[in-house]
Amino acid sequence: MTAPPADLPEGRPDQGAADQANSPAEAQPAQPRPILNASDLARITARIAHQILEKTRGAEHTVLLGIPTRGVPLAHRLADRIAAFEGVDVPVGILDVTLYRDDLRLRGTRALGPTDLPADGIDGKRVILTDDVLFSGRTVRAALDALNDLGRPSQVQLAVLVDRGHRQLPIRADYVGKNLPTSLAESVRVLLREVDGDDAVLLADREVR
Amino acid sequence: MIAHLLSAADLDRETATLVLDTATEMATVAGREVKKLPTLRGRTVVNLFYEDSTRTRTSFEVAAKRLSADVINFSAKGSSVSKGESLKDTALTLQAMGADAVVIRHSASGAAHRLAHWVDGSVVNAGDGTHEHPTQALLDAYTMRSRLGKLDGVRVAIVGDVLHSRVARSNVTLLATLGAEVTLVSPPTLLPVGVDSWPAAVSYDLDAVLPDTDAVMMLRVQRERMNDSFFPSAREYARRYGLDGARMRALPDHAIVMHPGPMNRGMEIAPEVADSARSTIVEQVANGVSVRMAVLYLLLGGKS
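Residues numbered from 1 in each chain as written. Chains lettered and ligands numbered in written order. Predicted model: local features only at pLDDT ≥ 70, side-chain atom pairs only at ≥ 80, totals over all residues. Heavy atoms only, no water.

I'd like to hear about the overall build of chain A, residue by residue, with values.
For chain A, the count of helices and strands is five helices and eight strands. Helices (α) and strands (β) of chain A occur, in sequence order from the N terminus, as β-α-β-α-β-α-β-α-β-β-β-α-β. Taking all 209 residues of chain A together, the buried fraction comes to 52%. Restricting to contacts in chain A with at least 6 residues of sequence separation, those with at least 24 account for 69%. (Helix = DSSP H or I, 4+ residues; strand = E, 2+ residues; numbered from the N terminus. Buried < 20%, exposed > 50% of the residue type's maximum accessible area, 1.4 Å probe, protein only. Contact = heavy atoms within 4.5 Å.)

This is the structure we're talking about:
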């Protein structure tokens, strides 16, 4: 699951925890650097789909819930792959966590996304939350709170495309597309065809929001 | 987003649409087992009501509670207001108690505007005199959009006592902002001076307007505000401007009938119409909660 060190930017440690001390300013290109391209993403989704099937023994009683914006197309892609590999139909839903965030006061209100659960609900199901980047863990915490108000899943797992480190809460992912050690000054941008017209993961110098 | 909601004119098209879209998501909470969101935990919303109100006060209370805010209900009766305390002193008292938002209903037009200068928190106008009632306009627009699918180009007739109606004023402004075509239908005595400068057409003939209407909004005849005789008799008003079964059948098949409540059954609206499938009156109350949740979220959610 850990990415081969050859992919990493030079001079960075393999794991993200230690690199906060790194000075991000020196010798960084101004352009966002591509980390993964479209075929990398296709292979990663396929691998995670296989891992889900393996870890859940056939993905019965399982629901994929995407966290907007980019977790939603990811959840659909995983469901497509799972259906292609083993013919299991995994329901896909959307879980908007905006109203459960702890940073609304700091960042201001934002427009709400839809929340759309599968018709059978989530009670007693295995819910796999899906998001593009795992960073502080605060979005996942908000998602866990939201789930608590919506039903009682038998189990909750987490699948992310990129784990960039710097967790602020005791949260870990069950399925990781790529471990990407970053510095706090960098920003990870995930582009998906359904939302951005292109498939890629980029690493840029500064947090752009 | 804006700091206060005092008038429907505070909302441009983009902001009004944001409120309606947010309300659509808030509406899903009503269908859940746990009808509660943690979003406004620790905030205090004061309902400051100088006029009697059932649905607006309750609606704001439910909305604030669903967002986990603390709600203080303050009505003029049985408070220090009946001992002669001024609006400003009451406002400063509430301020000292740490109100993050004040929802005010007052019989004087402009009371909400004055209040907004005195308190630090957000002020939401829940009806000031005969001036404005913006959240009612938002819930009416929300109801029309959910029933008719759009607002742009929708033909709305607002029928009745326009002169005393803050609901009509706010609706005309908001619906014009959102692209609907509004016609005011009223006896000449119940139209305000300067109505020709409003973004709405005016007609005195209800029967001529109904066949070309997508939504007809009946206004309550406000006897408590009427000191003069604006029409000869209640029966004559009902005959010319009341919506009865025959008039309802003259509407296009898809048209809806709205009323902000409370209704005078048999006066501006016949029981047959109020209880028909076209009537959105009960739906409007449910939508009021979602819209007020959206307003409170957008006003308070981002503040520290």
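Kindly report on the sheet that holds strand β5 (residues 155–163) of chain A, identifying the contributing residues and their values.
Residues and elements named next belong to chain A. Taken together, the five strands give an open sheet; going across it, the order is β3-β2-β4-β5-β6, and neighbouring strands pair in parallel fashion. The open sheet terminates on both sides in strands that have one partner only, identified here as β3 (92–94) and β6 (175–179). Direction aside, the axes of adjacent strands within the sheet are offset by 25 degrees on average. In terms of strand pairing, β5 meets β6 through four bridges, oriented parallel. Each bridged residue has a counterpart across the sheet, and for Val160 the counterpart in β6 is Val176. Sitting on the sheet, helix α1 (residues 38–55) touches β2 (62–66), β4 (126–134), β5 and β6, and the angle it makes with β6 is about 150 degrees. Strands β2, β4 and β5 of the sheet are contacted by helix α4 (residues 138–150), whose axis makes an angle of about 155 degrees with β4. (Pairing = 2+ DSSP bridges. Axes fitted to C-alpha atoms, helices over the stretch in contact; angles between N-to-C directions.)

Just give me the short version of the packing of aromatic side chains, but keep the residues and values in it.
Residues and elements named next belong to chain B. For the structure shown, the criterion picks out two aromatic pairs over all chains. With centroids separated by 4.8 Å and ring planes inclined at 35 degrees, the aromatic side chains of Phe231 and Tyr237 adopt a geometry described as tilted. For Tyr237, a relative accessible area of 2% corresponds to the buried category. Here Tyr237 and Tyr241 contribute two aromatic rings whose centre-to-centre distance is 5.8 Å and whose plane-to-plane angle is 35 degrees, an arrangement assigned as tilted. (Phe/Tyr/Trp six-rings, centres within 6.5 Å; stacked < 30°, edge-to-face > 60°.)

Please set out the pattern of salt bridges residue by residue, giving values where relevant.
Residue and element names in this part refer to chain A. If you walk through the whole model with that rule in mind, you get 24 salt bridges over all chains. The salt bridge involving Lys55 is made with Asp174; its shortest N-O contact spans 3.6 Å. On the criterion of sequence distance, the pair formed by Lys55 in helix α1 and Asp174 in the loop between β5 and β6 is long-range, its members being 119 residues apart. Look at Asp174 and you get buried, because its relative accessible area is 12%. One network of salt bridges, in which partners are shared, links Arg77, Arg193, Glu194 and Asp199. (Salt bridge = Lys/Arg side-chain N within 4 Å of Asp/Glu carboxyl O.)

Lay out the environment of Lys150(B) in plain terms, naming residues and giving numbers.
Residue and element names in this part refer to chain B. Structurally, Lys150 can be placed in the loop between α5 (134–148) and β5 (155–159). Residue classification places Lys150 among the partly exposed residues on the basis of a relative accessible area of 46%. Sequence separation between Lys150 and Lys65 is 85 residues, and the spatial gap between their C-alpha atoms is 30 Å.

Mind laying out the domain arrangement of chain B, listing which residues take part and the relevant values?
Residues and elements named next belong to chain B. With domains assigned, chain B is organised as domain 1 (8–132 + 285–300) and domain 2 (134–281). Using C-alpha coordinates to define each centre, domain 1 is positioned 25 Å away from domain 2. In this assembly, 32 residues from domain 1 lie in contact with 28 residues from domain 2. Both faces considered, domain 1 and domain 2 share a buried interface measuring about 2400 Å² in area, 58% of it formed by carbon and sulfur atoms. When the area that domain 1 buries against domain 2 is broken down by residue, the three leading residues are Arg13, Leu20 and Thr130, summing to 25%. The interface formed by domain 1 and domain 2 includes three salt bridges. Between Asp152 and Arg13 there is a salt bridge whose closest N-O contact spans 3.3 Å. Where domain 1 meets domain 2, there are 12 residue pairs in polar contact (both at pLDDT 80 or more). Only α1 (13–27), α2 (55–66), β3 (101–106), β4 (122–128) and α11 (281–300) provide two or more residues apiece to the side of domain 1 that touches domain 2. Among the elements that line the side of domain 1 that touches domain 2, the one with the most residues is α1, at nine residues. Split into classes, the residues belonging to the side of domain 1 that touches domain 2 amount to 13 nonpolar, 10 polar and nine charged. (Domains from an automatic or database assignment. Buried area = accessible area lost by both parts, 1.4 Å probe. Polar contact = N/O pair within 3.5 Å; in protein donor to acceptor, adjacent residues only side chain to side chain. Nonpolar A, V, L, I, M, F, W, Y, C, P; charged D, E, K, R; others polar.)

Report on the interface of chain A and chain B, specifying residues and quantitative values.
Where the parts come together, the accessible area they lose is often given as the size of the interface. Contacts between the two partners involve 15 residues from chain A, matched on the other side by 18 residues from chain B. Taking both partners together, chain A and chain B bury about 1400 Å²; carbon and sulfur atoms supply 58% of that area. Contact with chain B buries area across many residues of chain A, yet Leu99(A), Arg105(A) and Thr109(A) alone supply 45% of it, more than any other trio. Summed over the shared surface of chain A and chain B, the result is zero salt bridges. Applying the counting criterion to the chain A and chain B interface returns four residue pairs in polar contact (both at pLDDT 80 or more). Mapped by element, the contributors of at least two residues to the side of chain A that touches chain B are α3 (104–107) and α4 of chain A. Residue composition of the side of chain A that touches chain B, by class: seven nonpolar, five polar and three charged.

So, the environment of Thr173(B): which residues are in play, and what are the values?
Residue and element names in this part refer to chain B. Mapped onto the elements, Thr173 comes out in helix α6 (residues 166–177). Assessed through its relative accessible area of 25%, Thr173 is described here as partly exposed. On a C-alpha basis, the gap between Thr173 and Ala30 in space is 29 Å, while along the polypeptide they are 143 residues apart. Excluding residues that lie within four positions of it along the chain, Thr173 makes contacts with Ala8 and Ala9.

Summarise the nonpolar core; cite the residues concerned and give the values.
Ranked by internal contacts, the top residues of the largest apolar core, which has 84 residues, are Met26(B), Leu138(B), Met144(B), Val156(B), Ile158(B), Leu174(B) and Leu184(B). For this core, the element with the highest residue contribution is α11(B), accounting for 10 residues. Looking at which domains feed residues into this core, each of domain 1 (8–132 + 285–300) and domain 2 (134–281) of chain B gives three or more. Filtering out sequence-adjacent residues up to four positions away, Val156(B) remains in contact with Met144(B), Leu175(B), Ala180(B), Glu181(B), Val182(B), Thr183(B), Ala215(B) and Met217(B). In this structure, Ile35(A), Leu41(A), Ile128(A) and Tyr175(A) belong to the second largest nonpolar core, which totals 29 residues. (Core = buried A, V, L, I, M, F, W, Y, C linked by side-chain atoms within 4.5 Å.)

Can you tell me about the UniProt feature "domain: Phosphoribosyltransferase" (unreviewed entry) in chain A, naming the residues and giving the values?
Per the UniProt record, "domain: Phosphoribosyltransferase" (unreviewed entry) is annotated on residues 36–177 of chain A. The straight-line gap between the two end C-alpha atoms of residues 36–177 of chain A is 10 Å; of that span, 36% is helix and 21% is strand. (UniProt positions renumbered as here; feature names shortened; annotations may be inferred.)

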